[in-house]
Amino acid sequence: MAQDIKNGSTHLASLRDGRSVYINGKHAGDVTEHAAFRNAIASTCDLYDFQADPDRAELMTFETESGARVNRAWQAPGSYEELVRRREALTTWAELHGGFMGRSPDHVSSALLGQLMGIEVFERHDIKRANAFREYFRYARDKDLFLTYVIINPQADRSKDWGDQPAEDLVASIVDEDNEGITIRGAKMLGTSSIMANEVFVANLQPLRPGEENLAFACALPMNAKGLKVLSRKSFEEHAVSHFDNPLASRFDENDALMYFDDVKVPWDRVFVYKDTDTCRAQFHDTPGHTMQNYQAQIRLMVKTRFLLGVARKITETIGTIALPPVREKLGWLSAKVAMVEGMVYGMEAAGHLHNGFYVPNRNLMYSAQVVTQELYPQLVNAIRELAGGALIMLPSSEDDLRNPELLPIIRKTQVSGHMSPEERVKFLKLAWDALGSEFASRHLQYEMFYAGAQFVTCGHSFRTRNWAESTGLAERVLSARAAPSPAAARNAA
Ligand SMILES: Cc1cc2nc3c(=O)[nH]c(=O)nc-3n(C[C@H](O)[C@H](O)[C@H](O)COP(=O)(O)OP(=O)(O)OC[C@H]3O[C@@H](n4cnc5c(N)ncnc54)[C@H](O)[C@@H]3O)c2cc1C
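Residues numbered from 1 in each chain as written. Predicted model: local features only at pLDDT ≥ 70, side-chain atom pairs only at ≥ 80, totals over all residues. Heavy atoms only, no water.

(A) Broad picture of the overall build of the chain. The helix and strand inventory of the chain stands at 20 helices and 14 strands. For a compact globule of 494 residues, the expected C-alpha radius of gyration is about 23 Å, and the chain comes in at 25 Å, within 12% of that figure. The proportion of buried residues among the 494 residues of the chain is 54%. (Helix = DSSP H or I, 4+ residues; strand = E, 2+ residues; numbered from the N terminus. Rg over C-alpha atoms; globule rule 2.2 N^0.38 Å. Buried < 20%, exposed > 50% of the residue type's maximum accessible area, 1.4 Å probe, protein only.)

(B) The site of the ligand, seen in detail. The ligand sits among 18 residues. The nearest are Arg103, Ile151, Arg158, Leu190 and Thr192. At a separation of 3.0 Å, a nitrogen atom of the ligand approaches a polar backbone atom of tyrosine 149. Relative to its unbound accessible surface of 950 Å², the ligand loses 71% to contact with the protein. The set of elements that each furnish at least two residues to the shell around the ligand consists of β5 (147-150) and α17 (439-450). It is α17 that contributes the most residues to the shell around the ligand, three residues altogether. Residues belonging to the shell around the ligand are distributed by class as follows: 11 nonpolar, three polar and four charged. When residues of the shell around the ligand are assigned to domains, at least three fall in each of domain 1 (2-285) and domain 2 (289-474). (Near = heavy atom within 4 Å. Polar contact = N/O pair within 3.5 Å; in protein donor to acceptor, adjacent residues only side chain to side chain. Areas by Shrake-Rupley, 256 points an atom, 1.4 Å probe, with all protein chains shown as cover. Nonpolar A, V, L, I, M, F, W, Y, C, P; charged D, E, K, R; others polar. Domains from an automatic or database assignment.)

(C) Fine view of the pattern of salt bridges. One pass over the structure, following the stated rule, counts 38 salt bridges. Between arginine 72 and glutamate 58 there is a salt bridge, with the nearest N and O atoms lying 3.4 Å from each other. Separated by 14 residues along the polypeptide, arginine 72 in the loop between β4 (69-71) and α4 (80-97) and glutamate 58 in helix α3 (residues 57-60) bring together distant segments of the chain. Judged by relative accessible area, which is 38%, glutamate 58 ranks as partly exposed. A cluster of three or more residues bridged by salt bridges with shared partners is formed by Arg233, Asp253, Glu254, Asp256 and Arg443. (Salt bridge = Lys/Arg side-chain N within 4 Å of Asp/Glu carboxyl O.)

(D) Representation of the domain arrangement of the chain within the structure. Splitting the chain by domain gives domain 1 (2-285) and domain 2 (289-474). Of note, the centres of domain 1 and domain 2, computed from C-alpha atoms alone, are 25 Å apart. Taken together, the contacts link 53 residues of domain 1 with 48 residues of domain 2. Note on domain 1 versus domain 2: buried area summed over both sides is about 4000 Å², and carbon and sulfur give 63% of it. When residues of domain 1 are sorted by the area they lose upon contact with domain 2, Phe100, Met117 and Phe244 head the list and together hold 19% of the total. Linking domain 1 with domain 2 are five salt bridges, by the criterion used here. (Contact = heavy atoms within 4.5 Å. Buried area = accessible area lost by both parts, 1.4 Å probe.)

(E) Region of the structure containing helix α13 (residues 363-388). A rise of 1.5 Å per residue sets the reference length of α13, with its 26 residues, at 38 Å; its end C-alpha atoms lie 37 Å apart and thus fit the reference within 8%. By the largest-angle criterion, leucine 376 marks the main kink of α13, which is about 30°, and a proline, proline 378, follows within four residues. Capping the start of α13, asparagine 362 holds a side-chain oxygen 3.0 Å from the backbone nitrogen of asparagine 364, two or three residues further along. (Expected span 1.5 Å × (residues − 1). Bend = angle between axes of the 7 residues up to and from the residue.)

(F) Geometry of the sheet that holds strand β9 (residues 217-222). Ordered in space as β5-β8-β9-β12, the four strands form an open sheet in which the pairing is mixed. Looking at which strands have only one partner, the edges of the open sheet turn out to be β5 and β12 (271-274). Neighbour-to-neighbour, the strand axes of this sheet turn through a mean angle of 20°, independent of strand direction. Across four bridges, β5 lies against strand β8 (residues 199-202) in parallel orientation. Opposite leucine 147, over in β8, you have glutamate 199 as the bridge partner. Strands in contact with helix α7 (residues 127-142) are β5, β8, β9 and β12; relative to β12, the strand with the most contacts, it is inclined by about 145°. Helix α10 (residues 277-285) contacts β8, β9 and β12 of the sheet and is inclined by roughly 125° relative to β12. (Pairing = 2+ DSSP bridges. Axes fitted to C-alpha atoms, helices over the stretch in contact; angles between N-to-C directions.)

(G) Up close: the nonpolar core. Counting 94 residues, the largest nonpolar core has Phe37, Leu228, Phe261, Ile315 and Leu436 as the members making the most contacts within it. The biggest single contributor to this core is α13, with 11 residues. Each of domain 1 (2-285) and domain 2 (289-474) gives at least three residues to this core. Apart from residues no more than four positions distant in its own chain, phenylalanine 37 is found in contact with Val21, Ile23, Ala28, Val31, Ile195, Ser232, Glu237 and Asn255. (Core = buried A, V, L, I, M, F, W, Y, C linked by side-chain atoms within 4.5 Å.)

(H) Summary view of the packing of aromatic side chains. Scanning all chains against the criterion turns up 13 aromatic pairs. Centre to centre, the rings of tyrosine 447 and tyrosine 451 are 5.1 Å apart; their planes meet at 20°, and the pair counts as stacked. Exposure class is identical for tyrosine 447 and tyrosine 451. Each is buried. For the ring pair phenylalanine 463 and tryptophan 468, a centre distance of 5.4 Å and an interplane angle of 50° mean the geometry is tilted. Residue tryptophan 468 is classed as partly exposed on the basis of its relative accessible area, which comes to 42%. Taken together through their ring pairs, the aromatic side chains of Phe122, Phe133, Tyr136, Tyr139, Phe201 and Phe272 make up a single cluster. Between lysine 304 and the ring centre of phenylalanine 100, over which it is positioned, the NZ or CZ distance is 4.8 Å. A cation over an aromatic ring shows up here: lysine 330 above the ring of tryptophan 333, its NZ or CZ 4.9 Å from the ring centre. (Phe/Tyr/Trp six-rings, centres within 6.5 Å; stacked < 30°, edge-to-face > 60°. Lys NZ or Arg CZ within 6 Å of the ring centre and 35° of its normal.)

What follows is the structure, encoded as structure tokens:
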């Protein structure tokens, strides 16, 4: 059954496609070999190897109507049970990286799946664009492509609208068109995982105003499209000392990159929205697209908070504080917060509904989970650091210190734990620091606070999707209730 499932070596080979990635002032060449990216790419390949394992294939994949066997993230659930089954696959994948690969391949596939569930939005816009989207979805799904997306414009000068930015060609926009397609020029932020993806979905999630039609498009491109330049941020993988010293940064630095479209030609069969500001909004918000992409993100975050809870408990065991009542209280507080994240995932599923025959999670609960978790993540990190004290810092400079016969006895004397050997203590606390305090960890803090938009944006979604009538109705019912007679009045009436 599992022989045709995409595996790691297929994915690795697909990334040797001549894409233009730049880092440290130079063209990166083959990203699969580059010290800045190769381990994270290998971790992605591990995900594909995992799903291709015959013992895991049923859990992780399903057969499409074209006969391909692909990851369950592409599967449209028709019932609550199917949504839960799909979530189990997504959860299992996230457990392989502890939730640290925010834009693993199941993220954008979830986004496109949700948009396809509301294909009538594209049909109302233009039937040709809708057909292009339907065909593209089928193509990407049956090849089990790893897609990234850039749906946000570069931050630039926030006091001005996108169309009024002074720098020329700043925001990606349509600058030309002909019988073959459109030409795009300008930038989008921040293609997380783009370096290890096959294709990029380009769209506009932020509100546009009339007159900004050239910015109002959605399309898909292979990562080696002519003119597509990918400007990587600093690689934490490249600066990781070793796997021992930076166990997370050395393996899971999925990267974020500015994408510059230097007159990139997009054929019409890859153009899904064309110069229509409202369809740009509707493709995310009038379809289940935005809900499905962020539901995947909440599943991943649920796994990550479970991981952090495990780190918290192990820290207190390592340094011998677990029996102290205030420490147990803090662990109980952390556990309750993680349970809240779990409960919100289960709740958005249980309160889901059918949309065009597809079972989708409850979007108000999903947006509420986003608002809550983007506040919660820094609180979790802070609380766990508080439990750790200087343990995260009083560590050998690198693995090499343990190999120095002069230093090893001192390390053994000072890295004491009632639960593990000195070497194990050092190894674990280096993992904890990479999750909580390293530059990699700090990027994760920023990611969890912003991947779904700044908080004024997520709160806006929560406001927009709330059933206010239910709450105001309750308030009005109490207001309009007749006053209960006082005991004296009741006696007089009798
Ligand atoms: C690590 C990371 C990875 C990312 N990956 C991707 C990706 O893969 N694809 C993608 O498309 N995008 C990605 N993004 C971009 C992300 O979606 C944006 O950062 C996010 O939408 C916020 O936009 P911004 O950065 O322009 O911040 P802004 O919107 O400028 O907000 C910054 C701050 O300014 C203030 N502010 C600005 N405007 C207002 C306002 N109108 N009202 C009130 N306060 C305001 C708030 O304090 C806000 O927190 C990523 C971002 C990060 C940090």
